[in-house]
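The lines below spell out each chain.
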Amino acid sequence: MEHKFSDEQVAAVCHEANRQVQRMFGEQVNFPWENTGPDLRNSIIDGVRKIRSGEVTTPEQSHRNWCQYKTDEGWVYGEVKNFATKEHPQLVPYEVLPAEQQYKDRVFWAIVKALG
């Protein structure tokens, strides 16, 4: 299926929406897409591709895919997100995530599906 928008364009929209959700929940807000490093960009693009290909079919699977991608890149669970030590508090099963974190996965999913 031909997509109107590239994987990177959809990933940028997802990233910017996530920044707004972070702001709504009073979290530390990620850098804008254009200032985001390749590691984070590639993680988001991977998520977009897996949803678009049909390999990932639910927000829960999307989160599991993200966790696998991160652990493959050397990330581990940590109480606080730390890029230097590659620790992330959301490296847990979807069911254990706080509701606001599950919301981010649903927003990501919805954007990818809406933009094809």
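Residues numbered from 1 in each chain as written. Predicted model: local features only at pLDDT ≥ 70, side-chain atom pairs only at ≥ 80, totals over all residues. Heavy atoms only, no water.

Trainee: Teacher, can you tell me more about the overall build of the protein here?
Mentor: Looking only at helices and strands, the protein features four helices and two strands. The C-alpha extent of the protein, read off along each of the three principal axes, is 40 × 30 × 25 Å. Classification of the 116 residues of the protein by burial places 42% in the buried group. Of the charged side chains in the protein, 14 are positive and 17 negative; the average position of the first set lies 4 Å away from that of the second. (Helix = DSSP H or I, 4+ residues; strand = E, 2+ residues; numbered from the N terminus. Buried < 20%, exposed > 50% of the residue type's maximum accessible area, 1.4 Å probe, protein only. Lys, Arg positive; Asp, Glu negative; His and termini not counted. Charge placed at Lys NZ, Arg CZ, Asp CG, Glu CD.)

Trainee: Whenever I open this one, the packing of aromatic side chains confuses me. Can you help?
Mentor: Working definition: an aromatic ring pair is given by the centre-to-centre distance plus the angle between the planes. All chains considered together, the criterion is met by two aromatic pairs. Ring centres of Phe 25 and Tyr 103 lie 6.1 Å apart, and the angle between their planes is 90 degrees; on these two criteria the pair is classed as edge-to-face. In this pair, Phe 25 is assigned in the loop between α1 (7–24) and α2 (38–53) and Tyr 103 in helix α4 (residues 99–115), connecting sequence segments 78 residues apart. On the basis of relative accessible area, Phe 25 is assigned to the partly exposed category, the value being 37%. The positively charged end of Lys 70 is found above the aromatic ring belonging to Trp 75, 4.4 Å away from the centroid. (Phe/Tyr/Trp six-rings, centres within 6.5 Å; stacked < 30°, edge-to-face > 60°. Lys NZ or Arg CZ within 6 Å of the ring centre and 35° of its normal.)

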